[in-house]
Amino acid sequence: MSEDNKIIFNSTPTHGAYSSDNDAVKRVQVWKVAKERAMLPMSDAFISDTLGKTIKQDKENKLIVFFSMVQNYTFEDQQNTMFSAPSATGKSYIALEVAKYFPKEDVDKKGYTSRRAFFHMNSALETADGHPLQDSRKYVEEKLDEWKEKNPKPSEKITRTKKTRDGEREEIRNPEYSRWKEGHKNEYRRLRDEWDAIDKLYVVNLEKRIIVWKDTPDDQVLQPLRSLISHDEKELIADITDKSTSGGNLTKKVKLIGYPTVIFCQAAFSPDEQERTRFFIISPDMSQEKISKSLNLQAKSLKDRGQFKKMLE
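Calculation criteria
- Residues numbered from 1 in each chain as written.
- Predicted model: local features only at pLDDT ≥ 70, side-chain atom pairs only at ≥ 80, totals over all residues.
- Heavy atoms only, no water.
- Axes fitted to C-alpha atoms, helices over the stretch in contact; angles between N-to-C directions.
- Helix = DSSP H or I, 4+ residues; strand = E, 2+ residues; numbered from the N terminus.
- Parallel < 35°, antiparallel > 145°, perpendicular 65-115°, else oblique.
- Left-handed = near helix turned anticlockwise from the far one by under 90°.
- Contact = heavy atoms within 4.5 Å.
- Buried < 20%, exposed > 50% of the residue type's maximum accessible area, 1.4 Å probe, protein only.
- Patch = residues over 30% accessible without salt bridge, like charges linked within 9 Å, V, L, I, M, F, W, Y side chains within 5 Å.
- Areas by Shrake-Rupley, 256 points an atom, 1.4 Å probe, with all protein chains shown as cover.
- Salt bridge = Lys/Arg side-chain N within 4 Å of Asp/Glu carboxyl O.
- Lys, Arg positive; Asp, Glu negative; His and termini not counted.
- Charge placed at Lys NZ, Arg CZ, Asp CG, Glu CD.
- Pairing = 2+ DSSP bridges.
- Phe/Tyr/Trp six-rings, centres within 6.5 Å; stacked < 30°, edge-to-face > 60°.
- Lys NZ or Arg CZ within 6 Å of the ring centre and 35° of its normal.
- Polar contact = N/O pair within 3.5 Å; in protein donor to acceptor, adjacent residues only side chain to side chain.
- Expected span 1.5 Å × (residues − 1).

Draft legend 1. Representation of the packing of helix 7 (residues 136-150) against helix 8 (residues 175-197) in the model. For the pair helix 7 and helix 8, interaxial distance at closest approach is 10 Å and the crossing angle is 140 degrees. As the angle between them shows, helix 7 and helix 8 are arranged oblique. As helix 7 runs across helix 8, the sense of the crossing is right-handed. Where helix 7 approaches helix 8, its residues Ser136, Tyr139, Val140, Lys143, Leu144, Trp147 and Lys148 are matched on the opposing element by Trp180, Gly183, His184, Glu187, Tyr188, Leu191, Arg192, Glu194 and Trp195.

Draft legend 2. Molecular detail of unusual backbone geometry. Omega for the bond connecting Gly258 with Tyr259 falls within 30 degrees of zero, at 10 degrees, which places this linkage in the cis form. Backbone geometry at Gln57 places phi at a positive 60 degrees, although glycine is not the residue there. Unlike most non-glycine residues, His231 shows phi in positive territory, near 65 degrees. What makes His231 partly exposed here is its relative accessible area of 21%.

Draft legend 3. Looking closely at a positive patch on the surface. Residues Lys148, Lys153, Lys181, Lys185 and Arg189 make up a contiguous surface patch of positive charge. It is helix 8 that provides the largest number of residues to the positive patch, a total of 3 residues. Mapped onto the secondary structure, Arg189 falls in helix 8.

Draft legend 4. Highlighting a negative patch on the surface. A contiguous patch of negative charge, built from Glu142, Asp145, Glu146 and Glu149, is present on the exposed surface. Structurally, Glu142 can be placed in helix 7. We classify Glu142 as partly exposed; its relative accessible area is 44%.

Draft legend 5. Up close: the sheet that holds strand 2 (residues 107-110). Taken together, 5 strands build an open sheet; the order of strands is 2-7-10-1-11 and the sheet is parallel. At either margin of the open sheet sits one strand with a lone partner, and together these are strand 2 and strand 11 (280-282). Averaged over all adjacent pairs, the angle separating strand axes in this sheet is 15 degrees, with direction ignored. Bridge count between strand 7 (residues 210-213) and strand 10 (residues 261-266): 4 bridges; the pairing is parallel. Of the residues in strand 10, the one forming a bridge with Ile210 is Thr261.

Draft legend 6. Broad picture of the packing of aromatic side chains. Scanning the model with the defined rule gives 9 aromatic pairs in all. Consider the rings of Phe66 and Phe102, whose centres lie 5.7 Å apart with planes at 50 degrees: the pair is tilted. Within this pair, whereas Phe66 is found in helix 4 (residues 59-70), its partner Phe102 is found in the loop between helix 5 (91-99) and strand 2, the two being separated by 36 residues in sequence. The residues Phe66 and Phe102 share a single accessibility class, namely buried. In textbook terms, an aromatic cluster arises when at least three aromatic residues are bridged by ring pairs, as seen for Phe118, Phe119, Trp213, Phe264 and Phe279. Positioned over the ring face of Trp195 is Lys200, at 4.2 Å from the centre of the ring. Sitting over the face of the ring of Phe75, Lys234 holds its NZ or CZ atom 4.7 Å from the ring centroid.

Draft legend 7. Region of interest: the side chain of Ser68. Mapped onto the fold, Ser68 is located in helix 4. A distance of 3.4 Å separates polar atoms of two side chains, one belonging to Ser68 and the other to Thr81. In this structure, Ser68 is in contact with Gln79, Thr81 and Thr261, ignoring residues within four places of it in sequence.

Draft legend 8. Representation of helix 4. Taking 1.5 Å per residue, 12 residues should reach 16 Å; helix 4 reaches 16 Å between its end C-alpha atoms and fits that length. Those residues of helix 4 that fall on the buried side of the exposure criterion are Asn61, Lys62, Leu63, Val65, Phe66, Ser68 and Met69. Buried-residue contacts for helix 4 involve helix 3 (44-51), strand 1 (80-84), helix 5, strand 7, strand 10 and strand 11.

Read these as layout, nothing more, since geometry by itself doesn't imply function.
Below is the structure:
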């Protein structure tokens, strides 16, 4: 950066303070310099200092987590990190603070997660040949609406005149309505069977997702993810069982798409060999100096939250 540009950048008036064409030209130059500065390489020291605004000490740990999350945006070099330390040592705090520097839509923060919840909340339905598929309720409702257009619903009751001297009138159930109702029920069952017969996949797309587990997930969630985390293949098919509407067991095919960046933050978690070989295992700093600096930071943030947030921004 030239010396002139440094002077322009450091003497920038606040937004809206320009009153002449010359000031407008300077404003354009300032933004140009700012853009150039934003594209300059950042050193480890600069990144550590920036993260240090809210994460005291733990230089190596916060850099490992930061660079792991940066690698999330590569094609296949995503990394996985596991914090292993006692409770209240700042495991989740480090991961969540670093995650704030990344787009919210790319970060999934999870507590305890069961297998069924994980696959259902993150999945989209597709047919076996790759076309989007509605869930059974929407599929049946739309098809039923088409059937109703071709088979208009008749009146539930009709009025007839009784053969009496006074010609009394009364409402009776319309036989056409009864037949329509039975046809509607049969069509509903047929459409449910039709949807069940479709060869389908539950697609869980974890490509370039940052998953921060703040609590121990169900081991059955990890089992189908192991191969994906170790980068065996970018797409995997897993068979899982789920409860059907009738209460029986139903086999489902799940298509897993990777690769994600996974961060585990657990205290009481003893990973087996398969997890240990797939993660960087790190522990937060537990020194007295860190505790003292962390308490001072917390006091500063609680004293004036608005000012503290402004300082960070």
